[in-house]
Amino acid sequence: MKWIVGLPKFGIGALMAVLAATLGVGRPAAGQAVRLGVLMDRPRQLLEAAWTDDARQVERAYCVTDWSYGVYHVSRVAPIQDDTVFRVFQIRDADVSNAGPSAVDFDCPDGMPELHIHTPTTCMGDDVTTCASGGLNAYSCQPSRGDLEKLVRRRDPFAVLQCDLHAFRFYYASEYGPPNVVASGVGARQRVGNLTPAMRYDEPMSKPAADPGSGSRATP
Ligand SMILES: [Zn+2]
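Everything numeric in this text was worked out from a predicted model, so none of it was measured.

Caption draft 1: Representation of the overall build of the protein chain in the model. A count of helical and extended segments in the protein chain gives four helices and ten strands. Reading the protein chain from its N terminus to its C terminus gives the helix and strand order α-α-β-α-β-β-β-β-β-β-β-α-β-β. With 220 residues in all, the protein chain has 25% of them scored as buried.

Caption draft 2: Looking closely at the nonpolar core. The biggest cluster of nonpolar side chains holds 27 residues, and the ones touching the most others in it are Phe86, Val88, Leu115, Phe158, Ala159, Val160 and Tyr171. Where this core is concerned, the elements lending two or more residues are strand E1 (32–39), strand E2 (61–75), strand E3 (81–93), strand E9 (159–164) and strand E10 (167–171). It is E2 that provides the largest number of residues to this core, a total of seven residues. Setting aside anything within four residues of it in sequence, one finds Val160 in contact with Gly37, Val88, Leu115, Phe168, Arg169 and Phe170.

Caption draft 3: Just unusual backbone geometry, in detail. Across the junction of Ala78 and Pro79, the peptide omega takes the value -5°, indicating a cis bond. Within the secondary structure, Pro79 is located in the loop between E2 and E3. The phi torsion at Tyr139 lies on the positive side, around 60°, for a residue other than glycine. Take Tyr139: it is sitting in the loop between strand E8 (132–133) and helix H4 (145–154). Look at Tyr139 and you get partly exposed, because 14 C-beta atoms sit within 10 Å.

Caption draft 4: Structural view of the environment of Asp54. When you line up the elements, Asp54 lands in the loop between helix H3 (41–50) and E2. Sequence spacing of Asp54 and Pro120 is 66 residues, and the spatial spacing of their C-alpha atoms is 8.2 Å.

Caption draft 5: Examining the pairing of E9 more closely. Across three bridges, the pairing between strand E6 (residues 114–117) and E9 is parallel. In the sheet register, Ile117 faces E9, and the bridge partner there is Gln162. The pairing of E9 with E10 spans five bridges and is classified as antiparallel. Within E10, the position partnered with Gln162 by the bridge is Phe168. The turn linking E9 back onto E10 is made up of two residues.

Caption draft 6: Quick peek at the environment of Gly70. Within the secondary structure layout, Gly70 lies in strand E2. Overall, the presence of 20 C-beta atoms within 10 Å leaves Gly70 in the buried class. Taking the C-alpha atoms as reference points, Gly70 and Phe86, 16 residues apart in sequence, are found 6.7 Å from one another.

Caption draft 7: Inspection of the environment of Pro101 at higher detail. For Pro101, the position within the fold is in the loop between strand E4 (96–99) and strand E5 (104–106). Pro101 gets classed as buried once you count the C-beta atoms within 10 Å, which come to 24.

Caption draft 8: Highlighting the confidence of the model for the protein chain. For the protein chain, per-residue confidence averages 77 on the pLDDT scale, and residues scoring 70 or more make up 66% of the total. Segment residues 194–220: pLDDT under 50, and 26 contacts once partners within four positions in sequence are set aside and those in other chains are kept.

What counts and how
- Residues numbered from 1 in each chain as written.
- Predicted model: local features only at pLDDT ≥ 70, side-chain atom pairs only at ≥ 80, totals over all residues.
- Helix = DSSP H or I, 4+ residues; strand = E, 2+ residues; numbered from the N terminus.
- Buried ≥ 20, exposed ≤ 12 C-beta atoms within 10 Å, placed from the backbone.
- Core = buried A, V, L, I, M, F, W, Y, C linked by C-beta atoms within 7 Å.
- Contact = placed C-beta atoms within 7 Å.
- Pairing = 2+ DSSP bridges.
- pLDDT = per-residue confidence, 0-100.

Shown next as structure tokens:
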């Protein structure tokens, strides 16, 4: 999700434009176009300071104690498209009941979205003594099935995982969709052969009626 990591690199002007466009908010947009997640300076610095490449580490977990969202109206005419920008201002350690190198059991109070760490290691099962830095399972920036199921169960608007020193991945309940979402998406057609659902189509995706890239959220 490079655009999440890249957002803070926008110029101040572009950031202010996003802020200005996100004022006057009701609730997270229903006609969802894009969700953006931003980890503000304080929690980012805290997480970066806690980050380690140590092979013998277990996952860590935090509760988001202060956050906000704003809706950015991309298009006010049909098809109405709104983007939502989530900002995390403050986190605290979560009460962890059990932690291993590939999972952490914790619960945050209602209303506090959750954040956890994916360790930069590869292990044999859940035995931390078998872990090595790097390898196949390091830097996995996708929420696991368990992560997504927990998010859906909690009904939080977002959750975050850190998968590398500077990499913070926001994820949303909409990522846990019905199994045929990808195959039946707009522009999809039946394919045969050795294709996986994640493969891109050879032909360009159809463009939306209103270009969500236009407006004040421009590149510097
Ligand atoms: Zn996870």
